[in-house]
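Here is what each chain is made of, one letter per residue.
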Amino acid sequence: MEKNIKSVPWSENTIEKGLQLRFACGTSGYELLLRMGLPFPSVRSLQNRVEHITLKPGLFDSVFDLMASKVKEMNAQEKLCVLSFDEMSLQPKYEYDVQHGSFDGECTLARSQRKVQGSDNPLATKALVFNLGGLTTRWKKVVGFHFTANSFSWSCLKDLIVEIVSQCSRIGLHVAAVVCDMGPCNQAMWRSFGISCSRGKICNKIPHPSDS
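Here we summarise the structure given alongside this text.

Concerning the overall build of the protein
Here is step 1: In terms of helices and strands, the protein carries five helices and nine strands.
Here is step 2: The linear arrangement of helices and strands in the protein, starting from the amino end, is α-α-β-α-β-β-β-β-β-α-β-α-β-β.
Here is step 3: Out of the 212 residues belonging to the protein, those deemed buried represent 31%.
Here is step 4: Across the protein, the fraction of contacts at a sequence separation of at least 24, relative to all contacts at a separation of at least 6, is 69%.
Here is step 5: As displayed, the protein has an accessible area near 13,800 Å², and 53% of this comes from carbon and sulfur atoms.

Written out as structure tokens, the structure reads:
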């Protein structure tokens with residue numbers, strides 16, 4: 001009769017290397033390496049390891065850190081990417097976050113106009129999501145989000161765009177373009193950058209915020 005063999009816990013160093021490897025080659029590629037006998041944790045073990053990672057409103061520093069290992073293996077063309085952002089509608093209400101023991105639902109991005117009645121931080125009606133995608137190769141990552149009202153501060157949005165582009169530059173990615181719809185807040189944000197499209201003047205580019 002065979003004895004039950006208790007699984008040996010993976011070290012933190014091995015878990016970290018496994019996460020970097022899966023992030024670099026994707027789930028299918030990682031599972032292929034496991035079938036070939038590479039001594040690394042299963043995909044489920046890696047999922048259990050990252051369950052504690054906090055993805056609260058704002059930019060995901062942990063995602064940028066994980067992307068850094070993948071970027072090191074990219075060539076110059078693969079490092080070209082596009083930053084896109086868009087909103088999705090939400091049902092305004094409070095939700096209890098079991099992991100952090102807190103309630104979510106209020107706006108996390110400053111409004112351009114205060115609500116006439118009630119709190120300065122009303123319940124959010126939209127989620128603004130930021131996404132990076134390869135320009136010459138097929139890859140994409142969500143790198144942050146914010147809860148917003150129907151209107152919000154274009155200056156806060158401008159600061160977020162600059163921060164994301166700078167974070168990308170830090171890990172070796174080059175944001176070649178920024179894409180969004182032409183909502184009023186987005187238009188105001190572009191005007192603050194000096195982007196314009198009129199009969200007398202067309203400007204569709206700006207200096208890189210962290211690489212002149």
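Let's talk about the layout of surface pockets
Here is step 1: Of the volumes computed, that of the largest pocket is approximately 570 Å³.
Here is step 2: Surrounding the largest pocket, 24 residues form its lining, W190, I195, N204, K205 and I206 being those nearest its centre.
Here is step 3: Among the secondary structure elements, those contributing two or more residues to the lining of the largest pocket are α4 (154-171), β7 (174-179), α5 (184-193), β8 (196-197) and β9 (202-203).
Here is step 4: Examining the composition of the lining of the largest pocket, we find that five residues originate from one element, β7, more than from any other.

Let's talk about the pattern of salt bridges
Here is step 1: Inspection of every chain in the model, using the stated rule, returns five salt bridges.
Here is step 2: Residues D97 and K56 are paired through a salt bridge, measuring 3.3 Å at the closest nitrogen-oxygen approach. On the criterion of sequence distance, the pair formed by D97 in strand β3 (residues 95-97) and K56 in the loop between α2 (43-50) and β1 (58-59) is long-range, its members being 41 residues apart.
Here is step 3: Exposure remark for D97: the relative accessible area of 16% places this residue in the buried category.

Describing the side chain of T14
Here is step 1: Topologically, T14 is positioned in helix α1 (residues 12-35).
Here is step 2: If we skip the residues at most four places from it in the chain, T14 touches P39, F40 and P41.

Here's the deal with the nonpolar core
Here is step 1: By size, the foremost hydrophobic cluster in this structure holds 40 residues, and its most contacted members are M67, F130, L132, L157, I161, I164 and L173.
Here is step 2: Where this core is concerned, the elements lending two or more residues are α3 (61-71), β2 (80-89), β5 (126-134), β6 (140-148), α4 and α5.
Here is step 3: Per-element accounting of this core gives the leading share, seven residues, to α4.
Here is step 4: In this structure, L173 is in contact with M67, V71, M74, K79, C81, L132, W139 and C168, ignoring residues within four places of it in sequence.

Digging into α3
Here is step 1: All of the buried residues in α3 are V63, F64, M67, A68, S69, K70 and V71.
Here is step 2: Contacts from the buried residues of α3 go to α1, β5, β6 and α4.

Side note on the packing of aromatic side chains
Here is step 1: With the rule as written, the count across this model stands at five aromatic pairs.
Here is step 2: Arranged with centres 5.2 Å apart and planes meeting at 75°, the rings of F145 and F147 form a pair that is edge-to-face. Both residues of the pair, F145 and F147, count as buried.
Here is step 3: In textbook terms, an aromatic cluster arises when at least three aromatic residues are bridged by ring pairs, as seen for F60, F145 and F147.

Brief notes about empty space enclosed by the protein
Take a probe with the size of a water molecule and roll it over the atoms, and the empty space left behind shows itself.
Here is step 1: Within the structure shown, the criterion is met by one cavity of 30 Å³ or more.
Here is step 2: Of the volumes computed, that of the largest cavity is approximately 30 Å³.
Here is step 3: What lines the largest cavity is simply F23, M67, K70, V71, M74, W139 and K141.
Here is step 4: The dominant element in the lining of the largest cavity, judged by the number of residues it contributes, is α3, at three residues.
Here is step 5: Split into classes, the residues belonging to the lining of the largest cavity amount to five nonpolar, no polar and two charged.

Examining a nonpolar patch on the surface
Here is step 1: There is a patch of nonpolar side chains on the surface, built from Y94, Y96, V98 and F103 and spanning about 500 Å² of accessible area.
Here is step 2: Within the secondary structure, V98 sits in the loop between β3 and β4 (102-104).

Rules used throughout
- Residues numbered from 1 in each chain as written.
- Predicted model: local features only at pLDDT ≥ 70, side-chain atom pairs only at ≥ 80, totals over all residues.
- Heavy atoms only, no water.
- Helix = DSSP H or I, 4+ residues; strand = E, 2+ residues; numbered from the N terminus.
- Buried < 20%, exposed > 50% of the residue type's maximum accessible area, 1.4 Å probe, protein only.
- Contact = heavy atoms within 4.5 Å.
- Areas by Shrake-Rupley, 256 points an atom, 1.4 Å probe, with all protein chains shown as cover.
- 1 Å grid on protein atoms, 1.4 Å probe; cavity = no way out; pocket = protein on both sides within 12 Å on 5 of 7 lines; lining within 4 Å.
- Points joined across faces, edges and corners; volume = space filled by probe spheres on them.
- Salt bridge = Lys/Arg side-chain N within 4 Å of Asp/Glu carboxyl O.
- Core = buried A, V, L, I, M, F, W, Y, C linked by side-chain atoms within 4.5 Å.
- Phe/Tyr/Trp six-rings, centres within 6.5 Å; stacked < 30°, edge-to-face > 60°.
- Nonpolar A, V, L, I, M, F, W, Y, C, P; charged D, E, K, R; others polar.
- Patch = residues over 30% accessible without salt bridge, like charges linked within 9 Å, V, L, I, M, F, W, Y side chains within 5 Å.

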